[in-house]
Amino acid sequence: MEKKYLFSPGPTMLPPEVLLKMAEPIMHHREPEFEKLFAEVREGLKYLFQTKNEVLIFTSSGTGAMEGAVSNILSKGDKTLLVRGGKFGERWGEICKAYGIEFIPIDVEWGKAVDVKRVQEILASNPSIRVVYTQASETSTGVMHPIKEIAEIVKKYEQTVLVVDAITGIGVFNIPMDEWGLDLVISGSQKALMLPPGLAFAALSDKAWKLVERSDLPKFYFDFRKELKNAQKNQNAFTPAISLFVGLRESLKLIQREGLEAVFKRHEILAEATRAAVKALGLELYAPDSPSNALTAVKMPEGIQGGKLKNLFFEKFGITVAGGQDQAKGKIIRIAHLGYYERLDMVMVISALEMLLKQLGYPFELGAGVRGAEEILMK
Ligand SMILES: Cc1ncc(COP(=O)(O)O)c(C=O)c1O
């Protein structure tokens, strides 16, 4: 018998309630039935993003919303500042480059969070910067950036907005968009929303909408103004991924039933337990100072290659964990705990980690990691 488990930071495992709903016969997206669903989803997303404003929904992967967050709020000649501490921070730069937008990068050592003083200094000497781009959780390194503190700095600049890629932040830890004054928050379906890949989300503050009004960069599919007008009529501009919308209504119901606070707490406990297990095994965290509760990046000990360990997870146990990318390739594995995960899921993945490490000759006492996790999980 072969069972498969996803412990990668997207796509993640799906609840049966969501899977069953998505298997129902498809409805038509211009019928009242879909409009009713859209209205429910709009409200659910506002709850999840903690905003009174509209959350736009695009049928695309998360990067589509990232691109829209460049093409819709910038104009030719605008300058931006971006936090570049991993693969996804780099992506902000790549998108800006594609649109001919000049940017100042803050290069952050992988595994570290951005120093907010750098943001402060650069904005002070370049007050014409129009947008600050960052991640809430940099998935390639397992780092959480200090979003609240960055927002406090950006808020002081009337002409500058803060764009947060919260693709592995929303539904994982608290990012109250309106309360913290975040201007554009992005997420994607295949993470804490417990859905397959295929939907991207973008919520904008009033300050960000003002920039949309003056933006003159080219756009067509990812046109925020067009999508806002349609959303207000419970519609999408184009044919949406209807089955994913049906799943989304269900996953939002699950999140609302559990309650945001409990959802954040669950992620915190699972992340803490994983980190405790890693330390109990004598291994090191890749992001020890500011770890994200979405995933845990584990440094490989001497003589163990991350890619090999990742492959063994799948071969021996049907478990998919993520390896490292670029400069972290072979040096880390990343274990996710965002979305549809519970306490015993973490015990399972840690137990598998122990068995594989033993097989690879890494010295430790069998059970030490599981015990480390259990001590947190029993609290
Ligand atoms: C923080 C972050 N940003 C952006 C993306 C890109 O999303 P997608 O692959 O859905 O385009 C990901 C996906 O892993 C991510 O984790």
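Heads up: the structure comes first, above all this text.
Residues numbered from 1 in each chain as written. Predicted model: local features only at pLDDT ≥ 70, side-chain atom pairs only at ≥ 80, totals over all residues. Heavy atoms only, no water.

1. What to know about the pattern of salt bridges
Right, so step 1: Tallied over the entire structure, the rule returns 20 salt bridges.
Right, so step 2: Arg214 is paired through a salt bridge with Asp78; the nearest N and O atoms lie 3.3 Å apart. Remark: Asp78 occurs in the loop between helix 3 (62-71) and strand 3 (79-84) and Arg214 occurs in helix 8 (residues 206-214); sequence separation between them is 136 residues.
Right, so step 3: Residue classification places Arg214 among the partly exposed positions, given a relative accessible area of 36%.
Right, so step 4: Using a relative accessible area of 8% as the deciding quantity, one classes Asp78 as buried.
Right, so step 5: One salt bridge connects Lys112 with Glu109, and the closest N-O pair in it is separated by 3.6 Å.
Right, so step 6: On the basis of relative accessibility, which here comes to 36%, the residue Lys112 falls in the partly exposed class. (Salt bridge = Lys/Arg side-chain N within 4 Å of Asp/Glu carboxyl O. Helix = DSSP H or I, 4+ residues; strand = E, 2+ residues; numbered from the N terminus. Buried < 20%, exposed > 50% of the residue type's maximum accessible area, 1.4 Å probe, protein only.)

2. Let's talk about the packing of aromatic side chains
Right, so step 1: All chains considered together, the criterion is met by twelve aromatic pairs.
Right, so step 2: A ring pair is formed by Phe58 and Phe224, whose centres lie 5.6 Å apart and whose planes are at 35°; its orientation type is tilted. With Phe58 in strand 2 (residues 55-59) and Phe224 in helix 9 (residues 224-231), this pair connects stretches of sequence that are 166 residues apart. No difference in accessibility class separates Phe58 from Phe224, as the two residues are buried.
Right, so step 3: Three or more aromatic residues joined by ring pairs form one cluster here, namely Phe58, Phe220, Tyr221, Phe222, Phe224 and Phe238. (Phe/Tyr/Trp six-rings, centres within 6.5 Å; stacked < 30°, edge-to-face > 60°.)

3. Topic: the nonpolar core
Right, so step 1: Grouped together as the largest cluster of nonpolar side chains are 62 residues, with contacts concentrated most on Leu45, Leu48, Phe49, Leu182, Phe201 and Leu248.
Right, so step 2: Phe49 has contacts with Val55, Ile170, Ile175, Met177, Val185, Ser187, Phe201 and Ala203, leaving out every residue within four places of it along the chain.
Right, so step 3: Membership of the second largest hydrophobic core comes to 35 residues, among which are Met13, Val278, Val370 and Ile376. (Core = buried A, V, L, I, M, F, W, Y, C linked by side-chain atoms within 4.5 Å. Contact = heavy atoms within 4.5 Å.)

4. Regarding the environment of Gly323
Right, so step 1: Here Gly323 lies in strand 13 (residues 322-323).
Right, so step 2: If we ignore the near neighbours within four places in the chain, the residues touching Gly323 are Lys310, Ile332, Ile333 and Arg334.

5. Notes on the packing of helix 11 (residues 260-280) against helix 13 (residues 343-359)
Right, so step 1: It is the contact of helix 11 with helix 13, at a shortest axis distance of 10 Å, that shows an interaxial angle of 20°. Accordingly, the angle class assigned to the pair helix 11 and helix 13 is roughly parallel. Once helix 11 is placed against helix 13, the crossing between them reads as right-handed. Of the residues in helix 13, those touching helix 11 at Leu270, Ala273, Thr274 and Ala277 are Arg343, Met346 and Ile350. (Axes fitted to C-alpha atoms, helices over the stretch in contact; angles between N-to-C directions. Parallel < 35°, antiparallel > 145°, perpendicular 65-115°, else oblique. Left-handed = near helix turned anticlockwise from the far one by under 90°.)

6. A short note on the pairing of strand 5 (residues 129-135)
Right, so step 1: Burial analysis of strand 5 places seven of its seven residues in the buried class, the great majority of the element.
Right, so step 2: Alignment of strand 5 against strand 8 (residues 161-165), held across five bridges, turns out to be parallel. Within strand 8, the residue paired with Gln135 across the bridge is Asp165. (Pairing = 2+ DSSP bridges.)

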